[in-house]
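Commentary on secondary and tertiary structure
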Amino acid sequence: GAGVSQSPSNKVTEKGKDVELRCDPISGHTALYWYRQSLGQGLEFLIYFQGNSAPDKSGLPSDRFSAERTGGSVSTLTIQRTQQEDSAVYLCASSSSPGAGNQPQHFGDGTRLSIL
Amino acid sequence: DQQVKQNSPSLSVQEGRISILNCDYTNSMFDYFLWYKKYPAEGPTFLISISSIKDKNEDGRFTVFLNKSAKHLSLHIVPSQPGDSAVYFCASNFGNEKLTFGTGTRLTIIP
């Protein structure tokens with residue numbers, strides 16, 4: 001498809017396990033963003049990539065969270081030693097550069113992560 | 001520190017009438033404002049945006065108004081249709097930066 005693709009769509013795991021979430025942006029989009037939406041909350045920024053570098057990691061909540069992007073395309077968000085408060089929908093978005101109001105961010109359908 | 005606020009968690013409007021969704025912001029550095037629509041189990045879908053140098057942008061049934069002095073924007077949908085029932089988020093950014101989202105307003109269109 002032509003949109004942002006995220007996998008898996010759902011992930012249930014036990015507390016303490018590591019998880020990897022994948023995002024495949026729209027082809028040609030150089031900017032990639034990760035957000036999360038916890039129950040009853042708005043969307044919260046996590047990290048932003050321009051190409052393969054991450055100029056803004058300010059939203060990562062702890063050092064258990066990391067992300068990488070390779071080849072200027074696919075990105076993975078890794079959460080180590082998961083905690084119950086990590087349960088949320090993790091959303092990925094991409095935009096052409098420079099992303100702004102006239103070149104908005106386009107979102108995938110997210111990964112719903114549940115930590116037991 | 002909530003820089004973008006949507007004070008109405010829900011809104012019900014009769015089909016055919018105008019829906020008005022409101023958003024307030026505090027950061028005067030924001031230079032773009034966007035509205036997204038979200039259905040359950042789907043990602044947000046971009047609707048319409050406005051630059052801070054404008055006060056109105058229109059696209060079909062959707063119009064966004066920006067009042068910079070009041071740090072307020074609104075989305076007007078007219079006429080409202082059943083398919084417009086969704087959660088609407090306003091968001092702001094500057095340059096190629098992260099979006100800062102409001103907490104959303106659930107719009108229900110009553111047939």
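Preceding this section is the structure that the text describes.
Definitions and limits used
- Residues numbered from 1 in each chain as written.
- Chains lettered and ligands numbered in written order.
- Predicted model: local features only at pLDDT ≥ 70, side-chain atom pairs only at ≥ 80, totals over all residues.
- Heavy atoms only, no water.
- Disulfide = S-S within 2.5 Å.
- Helix = DSSP H or I, 4+ residues; strand = E, 2+ residues; numbered from the N terminus.
- Buried < 20%, exposed > 50% of the residue type's maximum accessible area, 1.4 Å probe, protein only.
- Core = buried A, V, L, I, M, F, W, Y, C linked by side-chain atoms within 4.5 Å.
- Contact = heavy atoms within 4.5 Å.
- Buried area = accessible area lost by both parts, 1.4 Å probe.
- Salt bridge = Lys/Arg side-chain N within 4 Å of Asp/Glu carboxyl O.
- Polar contact = N/O pair within 3.5 Å; in protein donor to acceptor, adjacent residues only side chain to side chain.
- Nonpolar A, V, L, I, M, F, W, Y, C, P; charged D, E, K, R; others polar.

**Here's the deal with the state of the cysteines**
Structurally, a disulfide amounts to a covalent bond that connects the sulfur atoms of two cysteines. One pass over the structure, following the stated rule, counts two disulfides over all chains. In this model Cys23 of chain A forms its disulfide with Cys92 of chain A; the gap between the sulfur atoms is 1.9 Å. When the S-S torsion is -65°, as for the bridge of Cys23 of chain A with Cys92 of chain A, the disulfide is left-handed. Of the two residues, Cys23 of chain A is situated in strand S3 (residues 19–24) and Cys92 of chain A in strand S9 (residues 88–95); the sequence distance between them amounts to 69 residues. Two residues, Cys23 of chain B and Cys90 of chain B, share a disulfide whose sulfurs are 1.9 Å apart. Taking the sign of the S-S torsion, 65° for the link of Cys23 of chain B and Cys90 of chain B, the bridge is right-handed. You can see Cys23 of chain B sitting in strand S3 (residues 19–25) and its partner Cys90 of chain B sitting in strand S9 (residues 86–93), a full 67 residues away along the chain. The class for Cys23 of chain B is buried, based on a relative accessible area of 0%.

**Some details on the nonpolar core**
One finds Trp35, Leu73, Leu75 and Tyr88 of chain B to be the most contacted residues of the largest nonpolar core, which totals 22 residues. Of all the secondary-structure elements, those providing two or more residues to this core are S3, strand S4 (32–38), strand S5 (45–51), strand S7 (62–67), strand S8 (72–77), S9 and strand S11 (105–110) of chain B. Sequence-distant contacts of Leu75 of chain B, that is, excluding residues within four places in its chain, are made with Ser19, Ile20, Leu21, Trp35, Leu47, Ile48, Phe62, Thr63 and Tyr88 of chain B. The next biggest cluster of nonpolar side chains, apart from the first, holds 19 residues, and it includes Val19, Trp34, Leu46 and Phe49 of chain A.

**Let's talk about the interface of chain B and chain A**
Contacts between the two partners involve 20 residues from chain B, matched on the other side by 24 residues from chain A. When chain B packs against chain A, the two sides together hide about 1,700 Å² of surface, and 55% of this comes from carbon and sulfur. There are zero salt bridges connecting chain B and chain A. On the surface where chain B and chain A come into contact, there are three residue pairs in polar contact (both at pLDDT 80 or more). Mapped by element, the contributors of at least two residues to the side of chain B that touches chain A are S4, S5 and S9 of chain B. Sorting elements by how many residues they give to the side of chain B that touches chain A places S4 of chain B first, with four residues. Its residues assigned to classes, the side of chain B that touches chain A comprises nine nonpolar, seven polar and four charged.

Honestly, it's all geometry; don't read function into it.
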